[in-house]
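# Analysis of the macromolecular model
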2 protein chains.
Amino acid sequence: MADTTQLSNHQIRLASRPVGLPTHANWRSTTEPVQQPGAGGLLVKTLALSLDPAMRGWMNEGKSYIPPVGIGEVMRAGGVGVVVASENPQFAVGDHVSGSLGVQEYLLLSQDQIKRNGLAKIDLRLGSLTQWLNVLGMPGMTGYFGLMDVGHPQVGETLVVSGAAGAVGQTVGQLAKIKGCRVIGIAGGAAKCDWVVNTLGFDACIDYKAGPDAVRDGLKEHCPNGVDIYFDNVGGDILDQVLARLARGARIIICGAISQYNNTSAVQGPKNYLSLLVNRARMQGIVVFDYADRYHLAVAELAGYLRDGRMHSKEDVVHGLDTFPDTLLKLFAGENFGKLVLQVADA
Amino acid sequence: MADTTQLSNHQIRLASRPVGLPTHANWRSTTEPVQQPGAGGLLVKTLALSLDPAMRGWMNEGKSYIPPVGIGEVMRAGGVGVVVASENPQFAVGDHVSGSLGVQEYLLLSQDQIKRNGLAKIDLRLGSLTQWLNVLGMPGMTGYFGLMDVGHPQVGETLVVSGAAGAVGQTVGQLAKIKGCRVIGIAGGAAKCDWVVNTLGFDACIDYKAGPDAVRDGLKEHCPNGVDIYFDNVGGDILDQVLARLARGARIIICGAISQYNNTSAVQGPKNYLSLLVNRARMQGIVVFDYADRYHLAVAELAGYLRDGRMHSKEDVVHGLDTFPDTLLKLFAGENFGKLVLQVADA
């Protein structure tokens, strides 16, 4: 058992609820001494954190699929870390784990909290630490179960995915290719689009920043028979453009709506939603936690694709816990290229 | 074979495409001599026509689930009639039929058109002529298959249906009660709400005209555990209010959006659509024609409920082909009480 009594824990807490984009004023840094775990408990050192669009929702007051982060609480974040002290026979010092670690350097867990925070050992032979936050982590699970359980991809169908170079998008598109779909990505900028086509092997990628009609024209060009599956990470105008090009019997997976998360006015509803009627289509939401009892199956399948080179995984790694307030904003500006990861410690 | 050569056929044709609510200027009356059917053909005399919200959509240019009515064409309408001349062995003079008859007194059909117009004999022992336009007709089929095939009602679930006193709504609500759901209607005005509760046996009915917060407050009161199934005939604000109260795993059947059909600006998209994500819910469109090969099964089941008194059927019957332009508007003002039927002839 390492002596952890000299360690201090640097943390980022939610100071106030943002209106629109979060600013520095919404955050507060604290430093606390690190405690030793009690019977059945654990002390985990954070190595890397997952920065996700969903975080913006957790900062708001009000009911959602999980409770909001309370004012004054350490900001919620999924991450990967290493056990540095253990009073629990299921975890040994040196074990790598993933779970809800929070934006902080250390997390002390009681026995109850181990389960509540979803702590699970991860096997670095299946993927790197950052891959465990990407294809093998929540984004990968979200993409996997959204595509497979809600999208029901069939060979030869046309799938469109927005946020194609992002964490969920890259898993969805590559997995859909493996399942025999034609895959069209939507991403911001030529560099992302080139990577999505040339490295990930999508059939095409539409650069939504290329002009006001880029998405409409791109969908028309690349989806001449309509869109069978749309995996939506962005909402807003792009959702409306895809609705206007649905094939009969289409499935839309509502995974997120990053274009709307920082709105100071109402969310933009999809004005073309009656395309669901005309095309006998459906639009369905997904929350990844519902599939927790099958994560291990998806991890095993996806790790196989990583190993045999059929799937690539790209992370955009930024270093330093204190950069969190600024790094998070990269998501909303579309500046991250690949899964956005905050590296907190090296080992 | 009756001598039909002295008959004339009065018709209502689409003269121009409306902007907003249709006006008299959008219609043109014509009178033509009635021809005798050719080999394999039929002459049908219209008895009653179904006036439906969907008619407004058919008047617009552009792709939908069926082609628009062309300028100068007889307005499309489903109806019931009687065969007055037949050169087809499958139909005898005096047979009652339903199908796409058009807003006119007579319809001459070639053998090909008999199938294309969906002509089918109807059995007046199963229901009256007007019931064949209501519970046993397209609205009933729409309600039946939307509820059963898309809604998947489970005993004890809470179903909300808008347009509850209308043609589709009355079938949906009564059928959901028979299937064991708690049923909350939404309708306009106390008279309709009273009828829905006291005659049809819904558990409650919300009068959306009772005040600006009536729907929100009514849903809160009557759906304390959320809405499991929402059968949407209206769209607009009411759809948004229901989205805000979905139960986990809810199903929304998109059948229509009468509040939006006469918009001169864009359709109002459901700004609360992200409730689909939070609640793992889905929203799915239905077009009744897809279920044509199972109509007979639904008719048999629904006719049984009419016969044993478990289901009521209310039609709002207006007389006279020439009233069509004004009568149609009753739908968009919510003035019809029950299925709106235009009686064209008595027998």
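Residues numbered from 1 in each chain as written. Chains lettered and ligands numbered in written order. Predicted model: local features only at pLDDT ≥ 70, side-chain atom pairs only at ≥ 80, totals over all residues. Heavy atoms only, no water.

Moving on, we get to the sheet that holds strand β9 (residues 182–187) of chain A. The sheet built from 12 strands is open, its strands ordered β10(A)-β9(A)-β8(A)-β11(A)-β12(A)-β13(A)-β13(B)-β12(B)-β11(B)-β8(B)-β9(B)-β10(B) with mixed pairing. Single-partner strands in this sheet number two, and they are β10 (204–207) of chain A together with β10 (204–207) of chain B. Adjacent strand axes in the sheet meet at a mean angle of 15°, parallel and antiparallel pairs treated alike. Across four bridges, β9 of chain A lies against β10 of chain A in parallel orientation. (Pairing = 2+ DSSP bridges. Helix = DSSP H or I, 4+ residues; strand = E, 2+ residues; numbered from the N terminus. Axes fitted to C-alpha atoms, helices over the stretch in contact; angles between N-to-C directions.)

Next up on the list: the packing of helix α3 (residues 138–151) of chain A against helix α4 (residues 167–178) of chain A. Residues and elements named next belong to chain A. The N-to-C vectors of α3 and α4 enclose an angle of 45°; their axes lie 8 Å apart at closest approach. As far as their axial angle goes, α4 and α3 are oblique. Both α3 and α4 take part in a crossing whose hand is right-handed. Contact residues: α3 offers P139, G140, T142, G143, Y144, L147 and M148, while α4 offers A167, V168, T171, V172, L175 and A176. Taken together, the residues of the contact of α3 with α4 sort by class into nine nonpolar, four polar and no charged. (Parallel < 35°, antiparallel > 145°, perpendicular 65-115°, else oblique. Left-handed = near helix turned anticlockwise from the far one by under 90°. Contact = heavy atoms within 4.5 Å. Nonpolar A, V, L, I, M, F, W, Y, C, P; charged D, E, K, R; others polar.)

Residue and element names in this part refer to chain A. Along the chain, E315 turns up in strand β14 (residues 315–319). Among buried charged residues, E315 stands out as having no salt bridge; its nearest opposite-charge side chain is K314, 8.6 Å away. A polar contact of 2.9 Å, which involves the side chain of E315, links it to the side chain of T130. For E315, the side chain forms a polar contact with the side chain of N134, separated by 2.9 Å. Once you skip the residues sitting within four places of it in the chain, E315 turns out to touch T130, Q131, N134, F337, G338, K339 and V341. (Buried < 20%, exposed > 50% of the residue type's maximum accessible area, 1.4 Å probe, protein only. Lys, Arg positive; Asp, Glu negative; His and termini not counted. Salt bridge = Lys/Arg side-chain N within 4 Å of Asp/Glu carboxyl O. Polar contact = N/O pair within 3.5 Å; in protein donor to acceptor, adjacent residues only side chain to side chain.)

Next up on the list: the packing of helix α3 (residues 138–151) of chain B against helix α9 (residues 295–307) of chain B. Axes are the key here: two packed helices are described by the angle between their axes and the distance separating the axes. Residue and element names in this part refer to chain B. Across the interface, α3 lies against α9 with an axial gap of 10 Å and an inter-helix angle of 95°. As summarised for this structure, α3 and α9 are arranged roughly perpendicular, according to the angle between their axes. Facing α3, whose interface residues are M138, G140, M141, Y144 and F145, α9 presents Y295, A298, V299, E301 and L302. Within the contact of α3 with α9, the residues separate by chemical class into eight nonpolar, one polar and one charged.

Turning our attention to the packing of aromatic side chains. In total, this model carries eight aromatic pairs over all chains according to the counting rule given. Between Y144 of chain A and F145 of chain A, the aromatic rings sit 5.0 Å apart at their centres with planes inclined by 75°, giving edge-to-face as the arrangement. Y144 of chain A gets classed as buried once you look at its relative accessible area, which sits at 11%. Overall, F145 of chain A belongs to the buried group, its relative accessible area being 1%. Relative to F337 of chain B, the ring of W195 of chain B has its centre 5.5 Å away and its plane inclined at 85°; by these criteria the two rings are edge-to-face. In this pair, W195 of chain B is assigned in helix α5 (residues 190–198) and F337 of chain B in the loop between α10 (324–332) and β15 (339–343), connecting sequence segments 142 residues apart. Connected via pairs of aromatic rings, a cluster forms that spans Y144, F145 and Y291 of chain A. A cation sits over an aromatic face here: R76 of chain B above W58 of chain B, 5.1 Å from the ring centre. (Phe/Tyr/Trp six-rings, centres within 6.5 Å; stacked < 30°, edge-to-face > 60°. Lys NZ or Arg CZ within 6 Å of the ring centre and 35° of its normal.)

Now for the domain arrangement of chain A. All names here are of chain A. Per the domain assignment, the segments making up chain A are domain 1 (8–134 + 314–343) and domain 2 (138–289). For domain 1 and domain 2, the distance between their C-alpha centroids amounts to 28 Å. Domain 1 puts 22 residues into the contact, and the matching count from domain 2 is 15 residues. In total, about 1,500 Å² of surface goes out of reach between domain 1 and domain 2, with carbon and sulfur atoms giving 62% of it. Across the contact surface, domain 1 and domain 2 share zero salt bridges. At the surface where domain 1 touches domain 2, the tally comes to six residue pairs in polar contact (both at pLDDT 80 or more). Taken together, the elements giving at least two residues each to the side of domain 1 that touches domain 2 come down to α1 (54–58) and α10 (324–333). For the side of domain 1 that touches domain 2, the element with the most residues is α10, which contributes three residues. (Domains from an automatic or database assignment. Buried area = accessible area lost by both parts, 1.4 Å probe.)

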